[in-house]
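Observations on the three-dimensional arrangement
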Amino acid sequence: MKKSLFLASLLSSFLIGCSSTPIVDVSKPAGPSASNDEKDLDLASLRDPNNILSKRSIYFDYDKDVVKAEYKDLLAAHAQYVASHPKAKMTLTGNTDDRGSREYNVSLGQKRSVSVKKSMNVLGAQDTQIETVSFGEERADTNCKDDACYGKDRRVDISYEKE
């Protein structure tokens, strides 16, 4: 019994001592780098003003949370981006104009961000890659006097985690 225990101990010591360690390229800095993240996530395409992915706002009609058809291509592009980049994570921030109560606007902002998220889920984006937040009227332009101005506040903004 002692002999087999001794052999088992000797064998495991041998295997531990022979375990392979990864080869480290000393010409590159250790640890994750921004260039690796950029390569993995293709952040350049998110920043390119000629790419649809640089567009980050979806606007809504007054008191509505339904995504307009005109944003179909924009949502599809962002959904495809996160679907093809599993490490990508985005935040959808719902906003409203300053009309209505604070509570109502927080709720409406959340409904808008969830509406955009559901649209992206249908287009292939994973639920775990998208976080929804509502700022309600917190980011609204309080000097608005007409619907064109208010319309700029009724939106969902898209932002990416590693950007």
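In this text the structure is predicted, and so the values were computed from the model without any measurement. (Residues numbered from 1 in each chain as written. Predicted model: local features only at pLDDT ≥ 70, side-chain atom pairs only at ≥ 80, totals over all residues. Heavy atoms only, no water.)

Examining empty space enclosed by the protein
Per the stated rule, a full pass over the model turns up one cavity of 30 Å³ or more. Reported here for the largest cavity is a volume of approximately 40 Å³. If you trace the largest cavity, you find it lined by L41, L43, L46, Y81, A88, K89, Y160, E161 and K162. Residues belonging to the lining of the largest cavity are distributed by class as follows: six nonpolar, no polar and three charged. (1 Å grid on protein atoms, 1.4 Å probe; cavity = no way out; pocket = protein on both sides within 12 Å on 5 of 7 lines; lining within 4 Å. Points joined across faces, edges and corners; volume = space filled by probe spheres on them. Nonpolar A, V, L, I, M, F, W, Y, C, P; charged D, E, K, R; others polar.)

Some remarks on the pairing of strand β3 (residues 130-136)
With burial as the criterion, only one face of β3 is covered, namely that bearing I130, T132, S134 and G136; the residues E131, V133 and F135 on the opposite face remain uncovered. Relative to β3, strand β2 (residues 90-95) is paired through six bridges, and the arrangement is parallel. Paired with L92 across the bridge in β3 is T132. This β-α-β element, β2 to helix α5 (residues 102-122) to β3, shows right-handed connectivity. (Buried < 20%, exposed > 50% of the residue type's maximum accessible area, 1.4 Å probe, protein only. Helix = DSSP H or I, 4+ residues; strand = E, 2+ residues; numbered from the N terminus. Pairing = 2+ DSSP bridges. Right-handed = clockwise from strand over helix to strand, strands pointing away.)

What to know about the packing of aromatic side chains
Considering all chains together, one arrives at one aromatic pair under this definition. The ring centre of Y150 lies 3.8 Å from the NZ or CZ of R99, which sits over that ring. Taking NZ or CZ as reference, R139 lies 3.8 Å from the ring centre of F135, over its face. (Phe/Tyr/Trp six-rings, centres within 6.5 Å; stacked < 30°, edge-to-face > 60°. Lys NZ or Arg CZ within 6 Å of the ring centre and 35° of its normal.)

Some details on the confidence of the model for the chain
When pLDDT is averaged across the chain, the result is 83; 75% of the residues are at 70 or more. This model gives residues 10-35 a pLDDT under 50, and the stretch forms zero contacts once residues within four places in sequence are excluded. (pLDDT = per-residue confidence, 0-100. Contact = heavy atoms within 4.5 Å.)

What to know about the state of the cysteines
Applying the stated criterion across every chain yields a total of one disulfide. The disulfide partner of C144 is C149, and the S-S distance across this bridge is 2.0 Å. On the S-S bond that ties C144 to C149, the torsion sits near -65°, and the link is left-handed. The exposure class of C144 is buried, given its relative accessible area of 5%. Residue classification places C149 among the buried positions, given a relative accessible area of 18%. (Disulfide = S-S within 2.5 Å.)

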